[in-house]
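Fold and contact review
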Amino acid sequence: MPYENPLYFAEEAAQLDLIADGRVALGVSRGSPEPALRGWESFGYTGSEDPRGADIAREHFEKFMRAIKGEPMTYADPVQYGAGAKLAIEPQSPGLAERIWWGAGSAKTAEWAGERGVNLMSSTLLTEANEGSFAEQQAEQLRRYREAFRAAGHTRTPRTSVSRSVFPIVGPEDEIFSYMGARESRDQVGVIDGFTSVFGRTYADSPDTLVEQLKQDQAVMESDTLMLTNPSQLGPELNLRILENFAKYVAPELGWQPNTEGPVTGYEIS
């Protein structure tokens, strides 16, 4: 978001959603660790007091959300519209605002997303390292998000997601995935953007074992959606096999149903 023109981005998102018949689920965030030195300034955005551009990202996101909700964003030409008239972006896609997700890397950012009433994406890392496993910390992040969502007075049911690298080993041709599980079979701690961060483990095992392991992952069970994060370097054929194996042998045991069974919904906030 530090690089985006929020109004142009809002128009693009609305156009895409209309073309897709209201099926867009759009995830946005501050972005990955900044590869350029204050790169947003090269795009014409200045005034950031954060070395990561997080303040500009949030400012742009707030404006983006107002725009897709249909709020007037500028005064109209009084010659054409009369004095005091205002204009919203065009086109508008009703309902899109409820399908926007914010990617949060900390509990504080998750609370910020909950206050704004958007859905929450939590990835395979947290830019904080507190007591407990990665899954326990992430589950707490999800709970704090829901508490903030409710406290802000939002009445709809939000969506939450977590990401995991999961490799079901079904046959001999899947043994290539076993080394991934051996390499990253436990949480890792490192430094990212100057913050001590914790990275979630990789799951690679037989379907039965994966089901039991994922059921013990508090964050996976706390969220309504599990996103699979697998290396694009494997190529489309292997990634398709991973998805097929997961959908056939693992996901049903976790309560998953195909989208042909109806729309995906979040967990009610009690």
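1. As for the overall build of the protein chain
Along its length, the protein chain carries nine helices and 11 strands. When the 270 residues of the protein chain are sorted by exposure, 40% land in the buried category. Put simply, 66% of the contacts in the protein chain that link residues at least 6 apart link residues at least 24 apart. Here the protein chain displays about 14700 Å² of accessible surface, and carbon together with sulfur accounts for 50% of that area. Once the 25 positive and 40 negative side-chain charges of the protein chain are each reduced to a mean point, those two points are 3 Å apart.

2. Examining helix H4 (residues 107-116)
For H4, every residue scored as buried is listed here: Ala107, Thr109, Ala110, Trp112, Ala113 and Gly114. Trailing H4 by a residue or two, Gly117 shows a phi angle of about 75°, which is positive.

3. What about helix H7 (residues 207-215)?
Three or four residues apart is the spacing at which side chains of an α-helix point the same way, because the helix has 3.6 residues per turn. All of the buried residues in H7 are Pro207, Leu210, Val211 and Leu214. The arc that holds every buried residue of H7, seen down its axis, measures 105°, which confines them to one face. Of the surrounding secondary structure, the elements contacted by the buried residues of H7 are strand S7 (160-168), strand S10 (202-205), helix H8 (218-222) and helix H9 (236-250).

4. Thoughts on the pattern of salt bridges
The tally for this structure, following the rule as stated, stands at 14 salt bridges. Arg159 serves as the salt-bridge partner of Asp224, at 2.8 Å between the closest nitrogen and oxygen. A residue pair is termed long-range when its members are at least 10 positions apart, and Asp224 in the loop between H8 and strand S11 (225-228) and Arg159 in the loop between helix H5 (134-151) and S7 qualify at 65 residues. Given the relative accessible area of 18%, Arg159 is considered buried. Linked through salt bridges whose partners overlap, the residues forming this network are Glu140, Arg143, Arg146 and Glu222.

5. Some remarks on the sheet that holds strand S8 (residues 188-192)
With antiparallel pairing, the three strands of this open sheet are ordered in space as S6-S9-S8. Both edges of this open sheet fall to strand S6 (125-126) and S8, since each of them pairs with a single strand only. Where S6 and strand S9 (residues 195-199) come together, two bridges link them in antiparallel fashion. Paired with Leu126 across the bridge in S9 is Val198.

6. Some thoughts on the nonpolar core
Formed by 41 residues in total, the largest nonpolar core has its most connected members in Phe61, Phe64, Ile100 and Trp102. Formed by six residues, the second largest nonpolar core is a distinct cluster that contains Ile169, Phe177, Ala204 and Ile242.

7. Section: the environment of Leu96
Residue placement: Leu96 occurs in the loop between strand S3 (86-87) and strand S4 (100-104). Classification of Leu96 by relative accessible area gives buried; the value is 1%. As for Leu96 and Pro168, which are separated by 72 residues in sequence, their C-alpha atoms are 34 Å apart. Contact partners of Leu96, with chain neighbours within four places excluded, come to Ala13, Ala14, Asp17, Val24 and Ile68.

8. Brief notes about the side chain of Asp217
As for its placement among the helices and strands, Asp217 is situated in the loop between H7 and H8. There is a polar contact of 3.2 Å between the side chain of Asp217 and the backbone nitrogen of Val220. For Asp217, the residues in contact, after removing those within four places along its chain, are Ala135, Arg164 and Tyr203.

9. Some points on the side chain of Asn230
By the element assignment, Asn230 lies in the loop between S11 and H9. For Asn230, a relative accessible area of 18% gives the class buried. In this structure Asn230 touches Ser165, Val166, Phe167, Asn239 and Ile242, once residues within four positions along its chain are discounted.

10. A short note on the packing of H7 against H9
The packing of two helices is summarised by the inter-axis angle and the distance between the axes. Contact pair H7 / H9: the axes reach a minimum separation of 10 Å and the direction vectors enclose 75°. Between H7 and H9, the angle falls in the class roughly perpendicular. Residues Pro207, Leu210, Val211 and Leu214 of H7 form the contact with H9, whose participating residues are Phe246, Tyr249 and Val250. Broken down by class, the residue content of the contact of H7 with H9 amounts to seven nonpolar, no polar and no charged.

Calculation rules
- Residues numbered from 1 in each chain as written.
- Predicted model: local features only at pLDDT ≥ 70, side-chain atom pairs only at ≥ 80, totals over all residues.
- Heavy atoms only, no water.
- Helix = DSSP H or I, 4+ residues; strand = E, 2+ residues; numbered from the N terminus.
- Buried < 20%, exposed > 50% of the residue type's maximum accessible area, 1.4 Å probe, protein only.
- Contact = heavy atoms within 4.5 Å.
- Areas by Shrake-Rupley, 256 points an atom, 1.4 Å probe, with all protein chains shown as cover.
- Lys, Arg positive; Asp, Glu negative; His and termini not counted.
- Charge placed at Lys NZ, Arg CZ, Asp CG, Glu CD.
- Arc of directions from axis to C-beta.
- Salt bridge = Lys/Arg side-chain N within 4 Å of Asp/Glu carboxyl O.
- Pairing = 2+ DSSP bridges.
- Core = buried A, V, L, I, M, F, W, Y, C linked by side-chain atoms within 4.5 Å.
- Polar contact = N/O pair within 3.5 Å; in protein donor to acceptor, adjacent residues only side chain to side chain.
- Axes fitted to C-alpha atoms, helices over the stretch in contact; angles between N-to-C directions.
- Parallel < 35°, antiparallel > 145°, perpendicular 65-115°, else oblique.
- Nonpolar A, V, L, I, M, F, W, Y, C, P; charged D, E, K, R; others polar.

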